[in-house]
Amino acid sequence: FRVADNQPALKGHHIGFDLTGRYYLDEKLSLGLGFAYTSNNYREGFGYETDRTLMHNVLLNSVAQYDFFKNESFFAGVFLANGVSIVTLRDRNDTKTREYIDEAWQTTEVEIPKRLGRDAFYILTSGIDFSCKVATLDEEFKTNLYITSRIGYQKAFGNGDFGKSENFSGFLFLLGVMIRGDL
């Protein structure tokens, strides 16, 4: 998973969370699935009658990567990911109370901002992935811990009610950790 994910969103770039799992078909080619999440508060309504909004962005994608350079402690590869970005905009001025009951039968009340709209965009991302080994976790299964970074360009396609594809297009940077080993 990646600790920090700097993705384009409605206005500017936002820090988020990224989790990607890949399976290596051979020494250099891998296929996988990814999940990313970003959220941010804004002081504008994006066409709605409010001055306080909350945006949630969920990105689900598939990824293919080819590692063109690999040695004992470092590898680099090119990747291509495609998927969908689901963006929800909420009004922080208009909330409703929801009750949740947990496993111990405790009731918790939570204020949920009213949903204003939901947009979906097709996302295509390409770039370069770098990983540097920092520790060996298991010798038998060749499991290692890596510091990893990803630099790429994300292009969004489609139109939404409050967002445009260019709002979710742009350069991205990811930084995190990866555990890689044999099954």
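Everything here concerns the structure above.
Nothing here was measured: the structure is a model prediction, and the numbers come from that model.

Participant: What exactly am I supposed to notice about the overall build of the protein here?
Facilitator: A tally of helices and strands in the protein yields zero helices and eight strands. Reading the protein from its N terminus to its C terminus gives the helix and strand order β-β-β-β-β-β-β-β. For the protein, buried positions account for 39% of its 183 residues. A fraction of 60% describes how many contacts in the protein between residues 6 or more apart in sequence connect residues 24 or more apart. Here the protein displays about 10,600 Å² of accessible surface, and carbon together with sulfur accounts for 57% of that area. Distance between charge centroids for the protein: 5 Å, based on 20 positive and 24 negative side chains.

Participant: Can you walk me through the pairing of strand 6 (residues 107-138) in this structure?
Facilitator: Looking along a regular strand, one sees the side chains alternate between the two faces of the sheet. Here 25 bridges tie strand 5 (residues 74-101) to strand 6, and the two strands are oriented antiparallel to one another. Residue pairing for strand 6: Thr97 is matched across the bridge by Glu111. The turn joining strand 5 and strand 6, which pair antiparallel and follow one another in sequence, is formed by five residues; a positive phi near 60° is taken by Trp105. Linking two consecutive strands that pair antiparallel, namely strand 6 and strand 7 (residues 143-157), is a turn of four residues; a positive phi of about 50° is found at Lys142 within it.

Participant: Can you walk me through the pattern of salt bridges in this structure?
Facilitator: A side chain with one charge may pair with a side chain of the opposite charge, provided their charged atoms come close. Applying the stated rule across the entire model yields five salt bridges. Here Glu27 makes a salt bridge to Lys70, at a shortest N to O gap of 2.5 Å. Remark: Lys70 occurs in strand 4 (residues 53-70) and Glu27 occurs in the loop between strand 2 (13-24) and strand 3 (29-42); sequence separation between them is 43 residues. For Glu27, a relative accessible area of 54% corresponds to the exposed category. When the shortest N-O distance is used, the salt bridge between Arg180 and Asp67 registers 3.9 Å.

Participant: Any chance you could explain a nonpolar patch on the surface here in plain terms?
Facilitator: A cluster of nonpolar side chains, Tyr23, Leu25, Leu29, Leu31, Tyr66, Phe68, Phe69, Val78 and Ile128, forms an exposed patch at the surface whose accessible area comes to about 820 Å². You can see Phe69 is positioned in strand 4.

Participant: Could you clarify how one ought to interpret the side chain of Asn57 in this entry?
Facilitator: Here Asn57 shows up in strand 4. By relative accessible area, which is 5% here, Asn57 ends up buried. Of the polar contacts made by the side chain of Asn57, one reaches the side chain of Ser85; its length is 2.6 Å.

Participant: Explain the packing of aromatic side chains to me, please; I cannot follow it from the model alone.
Facilitator: To describe a pair of aromatic rings, you give the distance between the ring centres and the angle between the ring planes. Counting across every chain of the model gives seven aromatic pairs. Look at Phe121 and Phe168: their rings are 5.1 Å apart centre to centre, the planes differ by 35°, and that puts the pair in the tilted class. Here Phe168 lies in the loop between strand 7 and strand 8 (170-180) and Phe121 lies in strand 6, a separation of 47 residues in the sequence. Since its relative accessible area comes to 0%, Phe168 is described here as buried. A ring pair is formed by Tyr122 and Phe157, whose centres lie 5.9 Å apart and whose planes are at 35°; its orientation type is tilted. Of this pair, Tyr122 sits in strand 6 while Phe157 sits in strand 7, and the two are 35 residues apart along the sequence. Judged by its relative accessible area of 39%, Phe157 is partly exposed. Through a chain of ring-to-ring contacts, three or more aromatic side chains come together here, namely Phe69, Phe74 and Phe130. In this structure, Arg180 is placed above the aromatic ring of Tyr24, and the distance from its NZ or CZ to the ring centre is 4.1 Å. The positively charged end of Arg180 is found above the aromatic ring belonging to Phe75, 4.4 Å away from the centroid.

Parameters and conventions
Residues numbered from 1 in each chain as written. Predicted model: local features only at pLDDT ≥ 70, side-chain atom pairs only at ≥ 80, totals over all residues. Heavy atoms only, no water. Helix = DSSP H or I, 4+ residues; strand = E, 2+ residues; numbered from the N terminus. Buried < 20%, exposed > 50% of the residue type's maximum accessible area, 1.4 Å probe, protein only. Contact = heavy atoms within 4.5 Å. Areas by Shrake-Rupley, 256 points an atom, 1.4 Å probe, with all protein chains shown as cover. Lys, Arg positive; Asp, Glu negative; His and termini not counted. Charge placed at Lys NZ, Arg CZ, Asp CG, Glu CD. Pairing = 2+ DSSP bridges. Salt bridge = Lys/Arg side-chain N within 4 Å of Asp/Glu carboxyl O. Patch = residues over 30% accessible without salt bridge, like charges linked within 9 Å, V, L, I, M, F, W, Y side chains within 5 Å. Polar contact = N/O pair within 3.5 Å; in protein donor to acceptor, adjacent residues only side chain to side chain. Phe/Tyr/Trp six-rings, centres within 6.5 Å; stacked < 30°, edge-to-face > 60°. Lys NZ or Arg CZ within 6 Å of the ring centre and 35° of its normal.

Everything listed here is a matter of geometry and, on its own, says nothing about what the molecule does.
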